[in-house]
Amino acid sequence: MGLFKFACFLWLCIVGLLGLGSLCGVRAGDIVHDDDRAPKKPGCENDFVLVKVQTWINGQEGREFVGVGARFGTTIVSKEKNANYSLLTLSNPQDCCSPPKTKLEGDVIIVERGNCKFTTKANVAQDAGASAVLIINNEKELYKMVCEPNETDLDIHIPAVMLPKDAGVSLESMLLNNTSVSVQLYSPRRPVVDIAEVFLWLMAVCTILIASYWSAWSAREAAIEHDKLLKDASDELEDMKGRSFGGVVEISMTLAILFVVVASCFLVLLYKLMSDWFIELLVVLFGIGGAEGLQTCLVAILSRVFKSAGQSFVKLPFLGAVSHLTLAVTPFCIAFAAVWAVYRNVSFAWIGQDILGIALIVTVLQIVRLPNLKVATVLLSCAFLYDIFWVFVSKYIFHESVMIVVARGDKSGEDGIPMLLKIPRMFDPWGGYSIIGFGDILLPGLLVAFSLRYDWLAKKTLRAGYFLWAIFAYGLGLLVTYVALNLMDGHGQPALLYIVPFTLGTFLMLGLKRGDLKVLWTRGEPERPCMHYQLHTNEAEALSQDR
């Protein structure tokens, strides 16, 4: 049991907090950026916005590139229909630090970074008659173009956009191989609410609903089985103490505190070792966990239909007794996870990732349980502080948000770690995904599942119990998170910052008002009459009556 408990605890750390306690916008990047190190001033007060550069080759639509607008210059239109078509021209000299040798009549000029200030390049291009300037970076990444501290009198009236090095190479190749290349510059705005966020909200809430009912049903079945055993074999009571039904692991106070410490170490390890090979390792681990979770869920569902296959077993080396249904389902689950891992970069791979992720979350919530409200308070409070620290405070230590960097996979060149549920943003002109970390579902889900188990064991109705309030509080907390996400222009938000006060606060206040807080805080389940004691009492009363 010790090894099983440790394995479950380790998986909880990986899929929980390394599954991120932050809810981020999209993989495509934030549309509006801000930078305290580049303060605004007159003539240099634009927001850093992503800009689309649509090319047209000989009148035919070509490739589209993405750059970032400068602090200076005119703002870029947001709608494609309002963007002008302008001829694209290479600068001569290439750095545009001195006047071009040819007159530019409303052309968009491509210049190379270096040898002079960004504002100098823009001023030179503007004086030559250019309608916009595209500055090609000398690296693959984008760079925020700002004004120098001593520049106070700027009068730049053309847009300036920074493009990555590979985009510059492609544009230069187009100009050399074609007679006419035109471009449109525009920065479309992201919709306030995308339908993907609605589906993601429903997915998270429904996952907790399913896991909670499964956990409560298992707890009730275990309680019934426990009472039957006490009735049938009351003299074996001492042998049953400490026995765990169904391989359930309860989180202790020590594990609740250690949980955040271990998860923080894993997160820093991810941040420092973020690379292609490390992502591949996480994909393998997620595939194994997802396949196991999918198998557990499918066996639980199909055993209701194929009862004989679920109740007949075969003994295998190292594995022990395994049901025929498990043997039949396992190859499919392994194949499903393997196919997802191989094709995870295709456009529809998010479906497989979400299926594996939901199955894993539901399985963990069914196995791992909170024993009482005291442990729940310690666990969620630690996770609350963890989320705030690694999203906000870590910026001042690592000069960037560790949680956001890991979530997006900024240092890996891939789509980040797979411990996420994600849905493509359907009506967003920038594309990308809305994502939510496993931790934002798993940790509050432990509390919601605890509430339903308590309600069922206490025989409370839905209105008189705690579950309805808990699931409503979770849904409302997640909704507030999405509102904050949109108000912050898509910058990643620590979801537990909003979810924990809603769920835990509601539970504590409701328990205090109803007078159940002491039982919830210590025992975690209602007191039940001891069947062993009742049997001996009934026997004693029967003997006394006979006498």
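None of the values given here were measured: they were computed from a predicted structure. (Residues numbered from 1 in each chain as written. Predicted model: local features only at pLDDT ≥ 70, side-chain atom pairs only at ≥ 80, totals over all residues. Heavy atoms only, no water.)

## Here we look at the state of the cysteines
Our working rule: Here, two cysteine sulfur atoms that lie within 2.5 Å of each other are counted as a disulfide.
One pass over the structure, following the stated rule, counts 2 disulfides. The connectivity of the disulfide-linked cysteines in the protein, indexed sequentially, is 1-4, 2-3.

## Considering the pairing of strand E5 (residues 108-112)
Put simply, the rule is: Partly exposed residues are those whose accessible area sits between 20% and 50% of the maximum for their type, while under 20% is buried and over 50% is exposed, using a 1.4 Å probe and protein chains only. Helix numbers and strand numbers start at the N terminus; a helix is a DSSP run of H or I with at least 4 residues, a strand a run of E with at least 2. Strand pairing is assigned whenever DSSP identifies at least 2 bridges connecting the two strands. When the strands point away from the viewer and the path from the first strand over the helix to the second turns clockwise, the crossover is right-handed.
Along E5, 4 of the 5 residues are buried, which leaves the element largely enclosed by surrounding structure. Pairing analysis gives 5 bridges linking E5 to strand E6 (residues 132-136), with the strands arranged parallel. Each bridged residue has a counterpart across the sheet, and for valine 111 the counterpart in E6 is isoleucine 135. You can see the chain leave E5, run along helix H2 (residues 118-127) and come back into E6, and the turn it takes is right-handed.

## Some points on the pattern of salt bridges
Rules: Whenever a carboxyl oxygen of Asp or Glu lies within 4 Å of a side-chain nitrogen of Lys or Arg, that contact is scored as a salt bridge.
This model, assessed by the stated rule, comprises 5 salt bridges. Ionic pairing is found between glutamate 197 and arginine 425, a salt bridge with its closest N-O pair at 3.1 Å. A residue pair is termed long-range when its members are at least 10 positions apart, and glutamate 197 in helix H4 (residues 195-232) and arginine 425 in the loop between strand E13 (420-424) and strand E14 (433-437) qualify at 228 residues. Residues glutamate 197 and arginine 425 agree in their burial class; the two are buried. Notably, a salt bridge pairs arginine 425 with aspartate 428, separated by 2.7 Å at the nearest N-O pair. For arginine 425, a relative accessible area of 6% gives the class buried. Among the charged side chains, a network of salt bridges with common partners joins Glu197, Arg425 and Asp428.

## Section: the packing of aromatic side chains
Formally: Within 6.5 Å between ring centres, the rings of Phe, Tyr and Trp (the latter by its six-membered ring) count as paired, and their orientation is classed by plane angle as stacked under 30 degrees, edge-to-face over 60, tilted in between. Note on criteria: charge over ring means Lys NZ or Arg CZ within 6 Å of the ring centre, with the direction from the centre no more than 35 degrees off the ring normal.
Counted by the stated rule, this structure contains 12 aromatic pairs. Ring centres of tyrosine 213 and phenylalanine 467 lie 5.5 Å apart, and the angle between their planes is 80°; on these two criteria the pair is classed as edge-to-face. Pair noted here: tyrosine 213 is in helix H4 and phenylalanine 467 is in helix H15 (residues 467-487), with a separation of 254 residues, a long-range link. For tyrosine 213, a relative accessible area of 36% corresponds to the partly exposed category. On the basis of an interplanar angle of 35° and a centroid distance of 6.1 Å, the ring pair of tryptophan 390 and phenylalanine 398 is categorised as tilted. We classify tryptophan 390 as buried; its relative accessible area is 7%. Members of the aromatic cluster, each reached through a chain of ring pairs, are Tyr271, Phe389, Trp390 and Phe398. The ring centre of tryptophan 430 lies 5.1 Å from the NZ or CZ of lysine 52, which sits over that ring. A cation over a ring is seen here: arginine 220 above tryptophan 456, with NZ or CZ 4.2 Å from the ring centre.

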